[in-house]
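# Coordinates in review
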Amino acid sequence: MEQRQVGGSGLWVSRTALGTMTWGKDTQEEEAADQLTAFVDAGGTLIDTADIYGGGQSERIVGRLVSGVVRRDDVIIATKSGHTPQGYRPRDLSRRHLLAALDSSLRRLRTDHVDLWQLHVRDPDTPVEETLSALEAAQRAGKVRYAGTGDFTAWQFATYAAWQRASTRFAGAPIVSAGCEYSLLNRAPERDLLPALSDHGAGLIAWSPLGRGVLSAQYRNGVPGDSRAARPHMSAYVEPYLDERSRRIVESVCTAAEGLGVSPLAVALSWVRDRAGVAAAAVGPRTAAQLEEILSMESVELPREIRDALDDASSAPTP
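Residues numbered from 1 in each chain as written. Predicted model: local features only at pLDDT ≥ 70, side-chain atom pairs only at ≥ 80, totals over all residues. Heavy atoms only, no water.

### Observations regarding the sheet that holds strand S5 (residues 76-81)
- The strand order around the closed barrel built from eight strands is S3-S4-S5-S6-S7-S8-S9-S10, with neighbouring strands paired in parallel fashion. Direction aside, neighbouring strands of the sheet carry axes that sit 30° apart on average.
- When strand S9 (residues 203-207) meets strand S10 (residues 278-283), the two strands line up parallel, connected through four bridges. Bridge pairing in S10 places Ala 206 opposite Ala 281.
- Running over the sheet, helix H9 (residues 264-273) touches strand S3 (16-19), S9 and S10 and is turned about 150° from S10. (Pairing = 2+ DSSP bridges. Helix = DSSP H or I, 4+ residues; strand = E, 2+ residues; numbered from the N terminus. Axes fitted to C-alpha atoms, helices over the stretch in contact; angles between N-to-C directions. Contact = heavy atoms within 4.5 Å.)

### A look at the nonpolar core
- Ranked by size, the top nonpolar core spans 81 residues in total, and within it Leu 36, Phe 157 and Leu 204 carry the most contacts.
- If one sorts the elements of this core by residue count, H9 sits on top with seven residues.
- Beyond its immediate sequence surroundings of up to four residues, Leu 36 is in contact with Leu 18, Trp 23, Ile 47, Leu 65, Val 66 and Val 70.
- Formed by 13 residues, the second largest nonpolar core is a distinct cluster that contains Leu 11, Leu 116, Ile 205 and Ala 279. (Core = buried A, V, L, I, M, F, W, Y, C linked by side-chain atoms within 4.5 Å. Buried < 20%, exposed > 50% of the residue type's maximum accessible area, 1.4 Å probe, protein only.)

### With respect to the pairing of S10
- With six of six residues buried, S10 lies mostly within the body of the structure.
- When S3 meets S10, the two strands line up parallel, connected through three bridges. If you follow Thr 16 over to S10, its bridge partner there is Ala 281.

### Quick word on the packing of helix H1 (residues 29-41) against helix H2 (residues 57-68)
- Between H1 and H2, the least distance of the axes is 10 Å, while the angle of their chain directions is 55°. As summarised for this structure, H1 and H2 are arranged oblique, according to the angle between their axes. Our pair here, H1 against H2, has a crossing hand that is right-handed. Contact with H1, carried on its side by Glu 29, Ala 32, Ala 33 and Leu 36, involves Ile 61, Arg 64, Leu 65 and Val 66 of H2 and no other residues of that element.
- Residue composition of the contact of H1 with H2, grouped by class: six nonpolar, no polar and two charged. (Parallel < 35°, antiparallel > 145°, perpendicular 65-115°, else oblique. Left-handed = near helix turned anticlockwise from the far one by under 90°. Nonpolar A, V, L, I, M, F, W, Y, C, P; charged D, E, K, R; others polar.)

Okay, here's the thing in structure tokens:
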């Protein structure tokens, strides 16, 4: 699997990342072990998790598997902090919370450091310089190698990145990445986030590159009983992409797939993965079989004319 530089930093990651949001909930540990083994065997390195995934279960499973199934040195662990669903406010990027959350993540992950620590969500009530001081303290303590952001708008990312670059106080914890949903069904990052990342020398980690599963074409003829849309806790997540605009884009993907002799999944993933500014596309398969299908398409590259046609088909604004 191709390894890519994250922005202009010294961090290199596999261009496909293994997302673990379902681990401990829809994906049990034995299945997760099969996924991780297959991913690393294929040359994958970037594992993406967060402290709130499964109430911490995702990190716990990653920790057990990294210490037992694969070698720690063979993977790049990226986790996130900032959401506080059990707290008195929904998000907290204070120095107090972030450093405590990092220590808890490290215990669950059974490691002394994370390679990429991401601010999961913006906290408007905590000064930027306080948040950056927590990143700096974590880096100086050897607990964090690089920093990134999660669900930030372009101006929010630029604010934190500009503060970090302008102040010598925070120079040791570079913000090298941002995570954002990006697919043929959601091209919003192209308007402002991707240009902001380019200006600050950062890379995008694109999550949900398959349009929450819709671009795999599994919903062309209805909602399969074993799909995410059929699960009560996931149906609201998928439903926004089951509209008429999305259906037209899926049909364009299927047409391209038929012409190339590959699956719609391969077309949709390749389109995102090879966009300018994308360091990695994070996939979140529920099963090892789904991951194997994704890995088998690693060599697919879209001809320019197919890319242009898909660009045209999906150019309408995201609702």
